[in-house]
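# Summary of structural features
Each chain, letter by letter, is given below.
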Amino acid sequence: MSRNEPRWTQTWLGGVRAAGVDLGYPGQRLGLPEEGSGAVSGWGRRIAALVIDWMICTWAITQLLLRTNPAEQPWLPVVVFAVQYVVLVGAMGQTFGHRLAGIRVAAMDGGDPRWFPVAVRTVLLALALPALIFDRDHRGLHDRVSNTVVVRM
């Protein structure tokens, strides 16, 4: 084996990039820029937006406005999250958490997503597991099914 070739363990432990395969940057296959506005959002921004939205739904709406203990009715914050998500993403393309994190949900044509795909995306997002299955463009299963992508503003 020459020095230029990777060890056999690096080809499967390190993934295809360790084997020398160039997959490009996230979003390149979709025709999106690598950096700046319109680029695929990174995981940090997406997780920050999710945490902000979840805190708003759990504490501000469920506990303060509805005066309900989430421990007694654990399904209620999920319903509140789903309703606010469908309304805000369907109307504006982003939630409050998305806005604070500097990201938005976009249809693959670049515009705001339609209502039905947003509803489908929200149901899959509320199930959590589809969001954990993602591709190299950082699109979860919920994004792929609804034909959307989360981009930076």
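The shown structure was predicted, so the numbers you read here are calculated from the model rather than taken from an experiment.

### Observations concerning the pattern of salt bridges
As enumerated under the stated definition, the model contains 7 salt bridges in all. Between Asp-135 and Arg-29 there is a salt bridge whose closest N-O contact spans 3.8 Å. Residue Asp-135 is found in the loop between α7 (129–132) and α8 (141–146), and its partner Arg-29 is found in the loop between α2 (15–18) and α3 (43–65); the two are separated by 106 residues along the sequence. We classify Asp-135 as buried; its relative accessible area is 15%. Taking the relative accessible area as the measure of exposure, Arg-29 reaches 48% and is therefore partly exposed. Of the charged contacts, one joins Arg-121 and Asp-143 as a salt bridge, the two residues approaching to 2.6 Å between their closest N and O atoms. Taken together, the residues span a long stretch of sequence, with Arg-121 in helix α6 (residues 115–127) and Asp-143 in helix α8 at a distance of 22 residues. Take Asp-143: its relative accessible area is 0%, and that puts it in the buried class.

### Structural notes on unusual backbone geometry
A positive phi is found at His-138, a non-glycine position, where the angle reads about 65°. Mapped onto the elements of the fold, His-138 is located in the loop between α7 and α8. The exposure class of His-138 is buried, given its relative accessible area of 17%. Of note, Asn-147 is a non-glycine position whose phi angle comes to about 60°, a positive value.

### Quick look at α6
With 13 residues, α6 extends 19 Å from end C-alpha to end C-alpha; this agrees with the ideal 18 Å at 1.5 Å per step. All of the buried residues along α6 are Val-118, Arg-121, Thr-122, Leu-124 and Leu-125. Where α6 is buried, its residues contact α3, α4 (75–92), β1 (103–107), α7, α8 and β2 (148–152). In the segment just after α6, Ala-128 is the residue with positive phi, at about 75°.

### Brief notes about the confidence of the model for the protein
In the predicted model, the protein carries a mean pLDDT of 87, and 86% of its residues have values of at least 70. Here helix α1 (residues 8–13) stands out as the element of the protein with the lowest mean pLDDT, 54, in contrast to helix α5 (residues 96–101), whose mean of 97 is the highest.

### Notes on the pairing of β1
Counting buried positions over the 5 residues of β1 gives 4, a clear majority of the element. Bridging between β1 and β2 involves 5 bridges; their strand directions are antiparallel. From the neighbouring strand, Arg-104 faces β2, where its bridge partner is Val-151.

### Some points on the nonpolar core
Judged by nonpolar contacts, the single largest core of 13 residues is most densely connected at Phe-81, Tyr-85, Val-89, Ile-103 and Val-105. The set of elements that each furnish at least two residues to this core consists of α3, α4, β1 and α6. The contacts of Tyr-85, once residues within four sequence positions are left out, are Gly-90, Thr-95, His-98, Val-105, Val-118, Arg-121, Thr-122 and Leu-125. Counting residues in each nonpolar core, the second largest holds 5 residues, with Leu-32, Val-40, Ala-106 and Val-149 among its members.

### Notes on the environment of Gly-102
With respect to the helices and strands, the residue Gly-102 is situated in the loop between α5 and β1. A sequence separation of 65 residues divides Gly-102 from Ser-37, and the C-alpha atoms of the two residues are 9.4 Å apart. Residues in contact with Gly-102, not counting those within four places in the same chain, are Arg-45, Val-151, Arg-152 and Met-153.

Criteria and cut-off values
Position numbers for residues start from 1 in each chain and track the written sequence from start to end. Confidence filtering applies because this is a predicted model: local features only for residues at pLDDT of at least 70, side-chain atom pairs given and counted only at 80 or more, and all residues used for totals across whole chains, interfaces and linings. Here the side-chain values reflect all heavy atoms present in the structure, with hydrogen atoms and water set aside. Here a salt bridge means any side-chain nitrogen of Lys or Arg lying within 4 Å of a carboxyl oxygen belonging to Asp or Glu. Each helix is a run of DSSP H or I of at least 4 residues and each strand a run of E of at least 2, with the numbering of both proceeding from the N terminus. Three labels apply to residues, based on accessible area from a 1.4 Å probe with only protein chains included: buried if under 20% of the type maximum, exposed if over 50%, partly exposed otherwise in between. One less than the residue count of a helix, multiplied by 1.5 Å, gives the span that helix is expected to have. Whether two residues are in contact is decided by their heavy atoms: any pair within 4.5 Å suffices. Per-residue confidence from the predictor is given as pLDDT, running between 0 and 100. Note on pairing: DSSP must find at least two bridges between two strands before they are called paired. Definition used in this section: a nonpolar core is a set of buried Ala, Val, Leu, Ile, Met, Phe, Trp, Tyr and Cys residues joined via side-chain atoms within 4.5 Å.

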